[in-house]
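Here's the letter readout for the chains.
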Amino acid sequence: METDFAALTPTVVAELRAIVGDAHVIYGDPDRLIDYGHDEVHGAEHAHLPEAVVKPDGAAEIAAIMRLAARERIPVTPRGAGSGLSGGAVPVCGGIVLSLERMNRILEIDLANLVAVVEPGVITNDISEAVRQHGLFYAGYPMSTETCFIGGNVAENAGGGRAIKYGVTGRYVLGLEVVLPTGEIVELGGKRLKDVTGYNLLQLMIGSEGTLGIFTKIILRLLPQPQARTVLLVPFTDARTAIAAVPRVIAEGRVIPAAVEFMDRFSIQTAYEFIGEKPPHPRMAALLLFELDGFQESEVAAQADAIADLCLRASALDVYLGDTPASAKKMWRPRQKLAEALNTHWAIQSAEDLVVPPARIPDLLAELEPFGERYNALAPCFGHAADGNLHVHILKKPEMPLAVWQAQEGGMLTALYKIVVGLGGAITGEHGIGAKRAGYLPLAQSPELIALQRRVKAAFDPMGILNPGKIFPKL
Ligand SMILES: Cc1cc2nc3c(=O)[nH]c(=O)nc-3n(C[C@H](O)[C@H](O)[C@H](O)COP(=O)(O)OP(=O)(O)OC[C@H]3O[C@@H](n4cnc5c(N)ncnc54)[C@H](O)[C@@H]3O)c2cc1C
């Protein structure tokens, strides 16, 4: 099904122009198309040029595009901000990239129901800022919040820093307006906190990676804005000791931090060098960064004391407190700049997004060293310590010839994913399968489960035109 698509013709392009307006179609201009042929996955082999980019404004225009694409059998790939880390927005089968960038309005902040109604192309952080003016809080927090779009967050069910306390994006999506691949428009959910009417297709859409429908309106649940916030930076001499402190903080300290980030020795060195600062402690070879929030300063201060005490008893080297906005920002900076630092210094790498049951993190860390040695690669590790979601960037050493790296990459990823699955984990915690991991899905799921999901896909998208080449391995 994935190979017998039709190519775009000038007649079809003229129809697209009639739907969205001349200015909103890019066609026959490789210099402009190239921006829409990749996301943030490294490597030219993960990029693919679209034949056209179309920028609709509204569900009716998108429905017309989908009807045209279905009639002509042309693949359509929805695109948000293109910050994805699995190739989800890359048009691997060519055809049309459907960019949601013009649909960037916050339609309503409904104070009586504590919801925001937004279009898919709003930058996530803009939602947080807009609702903050009303004393409200949008809890979704991917680390790319200043660039990614909310539609992309819903499509990936984005996680991020605050998942341990607040959960992931899906917890806050109460309703969606969706254009189906057939061009029908449906509404799922609404401004309701409870609803068990029919199948829960709302949750099926969340995390569907742009393969089941295109979101055109999103209803988000809001919370009261926490008034107090504190950050603790806690250095340790080794990763195992640092990780072992996390469950103690939650169970013995009776605190659920808003975030618990971890960085290993290599990540610490890379990030601090990149921002031109010295790590705060000379012997620090692992760090935990705790963010605490609440409604009273005294409550957060008591949480900070409890965590500091527990960490010191768990052999932390020290505890540094960031209780002003400026000091908290400074403490977060190395973690926030880490991906950029790794990308700047290591042009050839595979950024992985592993998740294991939290208690198996030490076992995963123990496996990473021999794994790196076996493939003569570096495998620094950082991420969301409390929920078991660790990012491992496998880096090609400069001395390794590119051909050797390319020849071993598939086997290397297979070996890594087998380790994770063996620990009861999953091959992606928040970045998605997309195109990058589609070939590896059978390592993580049974043939029966994959076949069931293919049948679900076919029910929504009988022509197979919406975001083909994603999630499922080639038949
Ligand atoms: C520095 C950095 C940090 C990151 N940190 C995190 C993190 O902490 N947590 C996390 O989860 N991710 C993180 N990411 C990954 C990425 O930002 C998220 O996956 C984000 O949700 C993607 O949003 P986007 O708008 O860029 O989507 P895109 O990359 O454009 O698209 C992603 C997927 O969504 C689909 N899609 C987009 N819009 C729609 C729509 N309206 N309807 C249907 N499908 C749609 C696309 O087809 C594609 O499959 C990070 C990325 C970077 C570069």
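Below is a summary of the structure that appears in this document.

What counts, and at which threshold
- Each residue is numbered by its place in its chain's sequence as written, counting from 1.
- Per-residue local features of the predicted model are confined to residues with pLDDT of at least 70, and side-chain atom pairs are confined, for both listing and counting, to 80 or more; whole-chain, interface and lining totals are unaffected and use all residues.
- The side-chain quantities take in all heavy atoms of the structure and omit both hydrogens and water.
- Segments assigned H or I by DSSP are reported as helices when at least four residues long, segments assigned E as strands when at least two residues long, and all are numbered from the N terminus.
- As defined in this context, the radius of gyration uses C-alpha atoms, and a globule is described by 2.2 Å times the residue total to the power 0.38.
- For every residue, the accessible area obtained with a 1.4 Å probe (protein chains only) is divided by the maximum for its type, and the residue is called buried under 20%, exposed over 50%, and partly exposed between those limits.
- What makes two residues a contact is simply this: any of their non-hydrogen atoms within 4.5 Å.
- For the area figures, the Shrake-Rupley method with a 1.4 Å probe applies, and any residue is considered shielded solely by the protein chains shown.
- Interaxial angles span 0 to 180 degrees and are taken between N-to-C directions of axes, which are lines fitted to C-alpha atoms, for helices over the stretch in contact.
- Reported orientations rely on four angle classes, namely roughly parallel under 35 degrees, roughly antiparallel over 145, roughly perpendicular from 65 to 115, and oblique for the rest.
- For any helix crossing, the convention is left-handed if the near helix is rotated counterclockwise from the far helix by under a right angle, and right-handed if that rotation is clockwise.
- Proximity criterion: a residue is near a molecule or strand once any of its heavy atoms comes within 4 Å of it.
- Residues adjacent in sequence count toward polar contacts only when both atoms are side-chain atoms; beyond that, a polar contact is any pair of N or O atoms within 3.5 Å, and within protein one must be able to donate a hydrogen and the other to accept it.
- Within this document, salt bridges are pairs made up of a side-chain nitrogen of Lys or Arg and a carboxyl oxygen of Asp or Glu, the two lying within 4 Å of each other.
- For two strands to count as paired, DSSP must find a minimum of two bridges between them.
- Working definition of a nonpolar core: buried Ala, Val, Leu, Ile, Met, Phe, Trp, Tyr and Cys residues. They are joined through side-chain atoms within 4.5 Å.
- Here, expected helix span is obtained from the residue count minus one, scaled by 1.5 Å.
- In this analysis, rings of Phe, Tyr and Trp, with Trp reduced to its six-membered ring, are considered paired at centre separations within 6.5 Å, and the interplanar angle assigns stacked below 30 degrees, edge-to-face beyond 60, and tilted for intermediate values.
- Throughout this description, the term charge over a ring refers to an Arg CZ or Lys NZ atom that lies within 6 Å of the ring centre and within 35 degrees of the ring normal.

1. Examining the overall build of the protein
At step 1: The helix and strand inventory of the protein stands at 15 helices and 19 strands.
At step 2: At 23 Å, the protein has a C-alpha radius of gyration in line with the 23 Å of a compact globule built from 475 residues.
At step 3: Burial analysis of the protein (475 residues in total) assigns 54% to the buried set.
At step 4: Sequence separation of at least 24 residues holds for 74% of the intrachain contacts in the protein that already meet a minimum separation of 6.
At step 5: Of the roughly 20,100 Å² of accessible surface on the protein, a fraction of 55% belongs to carbon and sulfur atoms.

2. Focus: the packing of helix 8 (residues 239–251) against helix 12 (residues 361–374)
At step 1: The interhelical angle for the contact between helix 8 and helix 12, taken along N-to-C directions, is 165°, at an axis separation of 10 Å. The orientation of helix 8 with respect to helix 12, classified from their angle, is roughly antiparallel. Where helix 8 crosses over helix 12, the handedness of that crossing is right-handed. Here Ala239, Arg240 and Ile243 of helix 8 come into contact with helix 12, specifically with Ile361, Pro362, Leu365 and Ala366.

3. Things to note about the site of the ligand
At step 1: What surrounds the ligand is a group of 34 residues, the closest being Pro78, Gly80, Gly82, Ser83 and Ser144.
At step 2: In this structure, an oxygen atom belonging to the ligand sits 2.8 Å away from a main-chain N or O atom of Gly84.
At step 3: Alone, the ligand offers 970 Å² of accessible surface; in the complex the protein occludes 93% of this.
At step 4: Mapped by element, the contributors of at least two residues to the shell around the ligand are strand 3 (76–79), helix 5 (150–156) and strand 10 (214–221).
At step 5: For the shell around the ligand, the element with the most residues is helix 5, which contributes five residues.

4. Concerning the pattern of salt bridges
At step 1: The full count for this structure, using the stated rule, is 24 salt bridges.
At step 2: For Arg105, the salt bridge goes to Glu119, with nearest N and O atoms at 2.8 Å. Highlighted residues: Arg105 in the loop between strand 4 (96–99) and strand 5 (106–110) and Glu119 in the loop between strand 6 (115–118) and helix 4 (124–132), separated in sequence by 14 residues.
At step 3: The salt bridge involving Glu261 is made with Arg335; its shortest N-O contact spans 2.6 Å. Note that Glu261 is positioned in strand 13 (residues 259–264) and Arg335 in helix 11 (residues 325–345), a separation of 74 residues in sequence.
At step 4: For Glu261, a relative accessible area of 1% corresponds to the buried category.
At step 5: The class for Arg335 is buried, based on a relative accessible area of 5%.
At step 6: Salt bridges sharing partners connect three or more residues here, namely Glu15, Arg71 and Glu72.

5. What about the pairing of strand 13?
At step 1: Among the six residues in strand 13, six count as buried, and that is most of the element.
At step 2: Side chains Ala259, Glu261 and Met263 of strand 13 all project onto a buried face; the interleaved residues Val260, Phe262 and Asp264 project onto the opposite face, where all are buried too.
At step 3: Pairing geometry for strand 13 and strand 14 (residues 286–294), over six bridges, is antiparallel. Looking across to strand 14, one finds that Phe262 is bridged to Leu288.
At step 4: Relative to strand 18 (residues 381–384), strand 13 runs antiparallel, the two sharing three bridges. Its bridge partner being in strand 18, Phe262 is matched across the sheet by Gly383.

6. A look at the nonpolar core
At step 1: Within the largest apolar cluster, 59 residues are counted, with the highest numbers of intra-cluster contacts made by Phe236, Phe262, Leu288, Phe290, Leu365 and Ile394.
At step 2: Where this core is concerned, the elements lending two or more residues are strand 12 (228–236), helix 8, strand 13, strand 14, helix 10 (297–313), helix 12, strand 19 (389–396) and helix 13 (402–422).
At step 3: Tallying contributions element by element places helix 13 first for this core, with eight residues.
At step 4: Leaving out residues up to four positions away in the same chain, Leu365 has contacts with Ala239, Ile243, Phe262, Cys381 and Leu390.

7. A word on unusual backbone geometry
At step 1: The backbone of Asn376 shows a phi angle near 50°, a positive value even though the residue is not glycine.
At step 2: If you trace the backbone, Asn376 turns up in the loop between helix 12 and strand 17 (377–378).
At step 3: You can call Asn376 partly exposed: its relative accessible area is 36%.
At step 4: With a phi close to 50°, Asn467 is a non-glycine residue in the positive phi region.
At step 5: Among the structural elements, Asn467 can be located in the segment after helix 15 (447–460).
At step 6: For Asn467, a relative accessible area of 2% puts it in the buried group.

8. What about helix 3 (residues 59–72)?
At step 1: For helix 3, with 14 residues, the first-to-last C-alpha span of 20 Å sits near the 20 Å given by 1.5 Å per residue.
At step 2: Looking only at helix 3, the buried set comprises Ala59, Ile62, Ala63, Ala64, Ile65, Met66, Leu68, Ala69 and Ala70.
At step 3: Backbone geometry just after helix 3 places Arg73 at a positive phi near 60°.

9. A short note on the packing of aromatic side chains
Each aromatic ring pair is characterised by the separation of its centres together with the angle its planes make.
At step 1: Applying the stated criterion across every chain yields a total of five aromatic pairs.
At step 2: With 6.3 Å between their ring centres and 85° between their planes, Tyr138 and Tyr172 make a pair best called edge-to-face. Linking Tyr138 in the loop between strand 7 (136–137) and helix 5 with Tyr172 in the loop between helix 6 (163–166) and strand 8 (173–179), this pair joins segments that are 34 residues apart in sequence.
At step 3: If you follow Arg162 out to its NZ or CZ, it ends over the ring of Tyr141, 4.1 Å from the centre.

10. Topic: the sheet that holds strand 8
At step 1: Read from one edge of the open sheet, five strands run 5-6-10-8-9, paired in antiparallel fashion. With partners counted over all chains shown, the strands left at the sheet margins are strand 5 and strand 9 (185–189), one partner each. Averaged over neighbouring strand pairs, the angle between their axes works out to 10° when direction is ignored.
At step 2: Pairing between strand 5 and strand 6: four bridges, direction antiparallel. Paired with Ile109 across the bridge in strand 6 is Ala116.

No statement about biological role is implied by the geometric values presented.
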